[in-house]
Structure formats: C-alpha cells, structure tokens
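Take a look at the letters that make up each chain.
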Amino acid sequence: MTFDVDWVDAFTDVPFGGNGCAVVHGGAVLDDATCMSLVRETSLVECTFTGPSDIADIRVRYFLASREIPFAGHPTVATVAALRHRDLIADGSLTLDTGAGVVAVEVDGMQVKMAQVAPQFGSYAEPGIVAAVGGIASDLIVHPPRVVSTGLPFCITVLKDRVALESLRFDQGAFGVYLDHLGVQGGTDMMEPFWVTQTGATASGDTFARLLMAPPSPAEDPFTGSATGAMAAYLWSEGLLAGPDFIAEQGHGMGRPGRASVRVLGPRDAIAGVEVSGSAHVLISGTLHL
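A brief structural summary. (Residues numbered from 1 in each chain as written. Predicted model: local features only at pLDDT ≥ 70, side-chain atom pairs only at ≥ 80, totals over all residues. Heavy atoms only, no water.)

**Points about the overall build of the protein**
Phase 1: Check the secondary structure of the protein and you find 6 helices and 17 strands.
Phase 2: Over its C-alpha trace the protein gives a radius of gyration of 18 Å, about what one expects of a compact globule, namely 19 Å for 290 residues.
Phase 3: Taken along the three principal axes of its C-alpha coordinates, the protein extends 55 × 40 × 35 Å.
Phase 4: Taken over 290 residues, the protein has a buried fraction of 55%.
Phase 5: Per element, the accessible surface of the protein, about 11,200 Å² overall, is 53% carbon and sulfur.
Phase 6: Within the protein, the 32 negative side-chain charges are centred at a point lying 3 Å from the centre of the 16 positive side-chain charges. (Helix = DSSP H or I, 4+ residues; strand = E, 2+ residues; numbered from the N terminus. Rg over C-alpha atoms; globule rule 2.2 N^0.38 Å. Buried < 20%, exposed > 50% of the residue type's maximum accessible area, 1.4 Å probe, protein only. Areas by Shrake-Rupley, 256 points an atom, 1.4 Å probe, with all protein chains shown as cover. Lys, Arg positive; Asp, Glu negative; His and termini not counted. Charge placed at Lys NZ, Arg CZ, Asp CG, Glu CD.)

In structure tokens form, the structure reads like this:
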C-alpha cells in the first residue's frame with residue numbers, strides 16, 4: 001500500500017518552527033499498530049490519518065506513539081493545511097469528524113481556525129502533588145490547578161513567572177503519584193500538567209506555556225493546540241484574563257517558537273467554546289510505502 005504524506009509544521013509560518021505533524025492522506029483505514037509505528041518512526045508527538053466520513057467533510061484519526069486519542073490541536077491545523085496544500089479542499093468552512101465530535105474549521109490558505117468544543121471542567125488538583133511532577137516548589141504555582149478539556153484533558157497549572165517555567169524538569173515517579181491523585185489509569189488520557197505563565201515569551205504574547213510529556217512520547221511538546229484551548233477556558237473562567245482574546249506562545253525554549261490567536265466564546269460562567277487560530281508550513285511531501 002502507498003499513501004500520500006505531508007510533514008507540516010503547525011502554529012508557525014516558517015520551516016522548523018511550531019510543532020510538526022505527519023499527515024497520511026487516506027490513512028484512516030490503517031490498523032492502530034501501524035499508525036502508532038509511524039508515530040514512533042517519525043519521532044513526532046502525533047500523526048494524523050484521514051478518510052471519508054458520513055457525518056462531516058473529512059474523518060481525522062489522531063495517534064500518539066502509544067495510543068489513539070480523540071483530538072489534538074496542532075495536528076488539526078497541520079491536517080487542514082496539508083489538505084489545502086494539495087488542493088483537496090478550498091478556502092472557507094470545513095467540518096472534521098474526530099473522536100471528540102465534529103470540529104468546525106475555517107481555512108484561508110495556510111491560516112487555520114478551529115472551533116474547539118465547550119470545555120469540561122474537572123477536579124482541582126493539590127498544588128504540591130502537581131508541582132512535584134515538574135520538580136518545583138509548590139509556592140511557584142499561583143492559582144489552583146484544574147483539569148480542563150476542550151477535546152483532550154490537561155491539568156492547567158499557572159506558574160509565578162518565566163523563571164519557574166524554565167526550571168521545570170519532569171519527574172516520572174511524581175507523575176505516577178499525580179495520576180493516582182487524579183484517579184487516572186496509565187495508558188488512557190494522561191492529563192499531563194500544562195504549565196503556563198501570564199506573560200508571553202515575546203513582547204507580542206500574552207501567555208507562555210510548556211508541556212512536558214511521559215514516555216514513549218518525546219520529552220516536550222513544542223506547541224499544544226488542544227491544551228491551549230483548555231488553558232484559555234480555564235483562564236477566562238477563573239478571571240485571569242482581562243478579555244476573551246489573547247496571543248498564546250509556546251516552544252521558544254526548544255528553538256521551535258509557536259504562536260496562536262485565541263478567543264474564548266461566551267461569558268465566564270457559560271463558555272460555549274474556544275477558537276484557536278494558527279498558521280502552518282508544509283515542510284516535506286512524499287509517499288509512504290507499507
């Protein structure tokens with residue numbers, strides 16, 4: 001079997017920025033083991049596999065190296081950009097059939113805006129237990145961490161400053177304790193802490209974030225669109241944003257700077273969804289031989 005493949009950097013408009021994703025056109029027919037093997041082969045965090053859908057314009061399957069997940073942000077931007085690059089779609093509106101439901105997307109060239117679903121707010125987590133995952137003192141967390149999902153759950157954790165953010169070091173043992181604390185079974189949605197500061201990495205940013213990941217995924221994600229949506233819902237609901245529109249930055253410490261324009265929809269106590277917009281750059285196009 002052969003499949004067309006595009007390697008796309010998402011949340012950037014230049015090569016080697018943002019977060020990479022391999023998009024396998026027509027690959028939704030592949031079995032789970034093959035999809036996970038491709039993710040491991042690429043050493044990327046995620047790859048996507050497209051196919052026809054009865055309920056939306058296109059079906060998209062999202063895979064980590066260890067499992068299929070219902071939704072992910074930067075792979076959504078990458079997938080739509082790859083489709084546009086090959087003229088498989090036109091500028092305008094598009095719907096994607098994902099494991100998290102139907103996701104509405106707007107595309108304008110290599111600029112993609114996705115509408116993430118209304119947030120689901122989970123439990124607050126004990127700051128000391130969360131802090132241990134990043135190897136930092138609990139007093140560097142300045143607001144109660146909370147599990148939030150706009151398609152994929154993360155524990156949103158606000159840190160004091162950029163120094164605290166840059167000092168994070170993932171502790172696998174503490175991560176196990178943290179998962180037990182949240183009642184999460186390993187191998188399902190892992191709910192890693194999404195660490196954020198309320199100042200940007202650059203003068204144009206409003207937030208700066210990091211996501212440290214558990215094996216077999218790479219150690220850190222350059223830009224996490226799904227977590228950015230969950231973060232936006234958390235910050236808005238907790239009164240930590242002055243307005244619903246802001247610029248999110250991530251990946252600068254990895255040499256892969258990424259940027260997204262974010263808008264929270266609805267009042268603080270009744271959020272209807274989150275829009276996350278970003279650019280993409282198609283880096284490599286080729287053929288996958290299986």
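Now, onward.
**Quick notes on the pairing of strand β7 (residues 101–108)**
Phase 1: Note that strand β6 (residues 92–98) and β7 share 7 bridges and pair antiparallel. In the sheet register, T98 faces β7, and the bridge partner there is G101.
Phase 2: Counted along the chain from β6 to the antiparallel partner β7, the turn is 2 residues long.
Phase 3: Here β7 hands over to strand β8 (residues 111–116) after 2 residues, with G109 in that stretch at a positive phi of 65°. (Pairing = 2+ DSSP bridges.)

**Describing unusual backbone geometry**
Phase 1: For the bond from P215 to P216, the omega torsion is 10°, close enough to zero to count as cis.
Phase 2: Note that P216 resides in the loop between β13 (207–212) and β14 (220–221).
Phase 3: The backbone phi angle of S43 is positive, close to 65°, even though this residue is not glycine.
Phase 4: As for its position among the elements, S43 is in the loop between α1 (32–42) and β3 (47–51).

**Observations regarding the side chain of T207**
Phase 1: Note on placement: T207 falls in strand β13.
Phase 2: Look past the residues within four positions of T207 in its chain and what remains in contact with it is V196, T197, T199, G200, A201, M231, L235, F246, I247, A248 and E249. (Contact = heavy atoms within 4.5 Å.)

**Topic: the environment of D32**
Phase 1: Positionally, D32 belongs in helix α1.
Phase 2: Taking the C-alpha atoms as reference, D32 lies 10.0 Å from R61; in sequence the two are 29 residues apart.
Phase 3: Apart from residues lying up to four places away in sequence, D32 is in contact with R61, F63 and E68.
Phase 4: Within polar-contact distance, the side chain of D32 engages the side chain of R61 at 2.7 Å. (Polar contact = N/O pair within 3.5 Å; in protein donor to acceptor, adjacent residues only side chain to side chain.)

**Points about helix α2 (residues 73–85)**
Phase 1: For α2, which comprises 13 residues, the first-to-last C-alpha distance of 18 Å matches the rise-based estimate of 18 Å (1.5 Å per residue) to within 8%.
Phase 2: α2 sits mainly inside the fold: 12 of its 13 residues count as buried.
Phase 3: All of the buried residues along α2 are G73, H74, P75, T76, V77, A78, T79, V80, A81, A82, L83 and R84.
Phase 4: D87, located one to two residues past α2, shows a positive phi value of around 60°. (Expected span 1.5 Å × (residues − 1).)

**A word on the pattern of salt bridges**
Phase 1: A full pass over the atoms with the stated rule returns 11 salt bridges.
Phase 2: Two residues, R84 and D87, come together in a salt bridge whose shortest N-O distance is 3.0 Å.
Phase 3: One salt bridge connects R162 with E166, and the closest N-O pair in it is separated by 2.7 Å. With a gap of 4 residues between them, R162 and E166 both fall in helix α4 (residues 162–166), about one helical turn apart.
Phase 4: By relative accessible area, which is 32% here, R162 ends up partly exposed.
Phase 5: Through salt bridges with shared partners, a single ionic network connects D4, D6 and R86. (Salt bridge = Lys/Arg side-chain N within 4 Å of Asp/Glu carboxyl O.)

**Remarks on the packing of aromatic side chains**
Phase 1: Enumeration according to the criterion identifies 6 aromatic pairs in this entry.
Phase 2: Geometrically, the ring pair formed by F49 and F63 is edge-to-face, given 5.6 Å between the ring centres and 90° between the ring planes. Of the two residues, F49 is situated in strand β3 and F63 in strand β4 (residues 58–63); the sequence distance between them amounts to 14 residues.
Phase 3: Between F154 and F194 the ring centres are 6.3 Å apart and the planes differ by 55°, which places this aromatic pair in the tilted class. (Phe/Tyr/Trp six-rings, centres within 6.5 Å; stacked < 30°, edge-to-face > 60°.)

**Some details on the pairing of β8**
Phase 1: Covered by surrounding structure in β8 are V112, M114 and Q116 only, the residues Q111, K113 and A115 on the alternate face being uncovered.
Phase 2: Across 6 bridges, the pairing between β8 and strand β17 (residues 273–289) is antiparallel. By the bridge assignment, Q116 is partnered in β17 with V274.

Interpretation note: all reported values are geometric properties and have no functional meaning in isolation.
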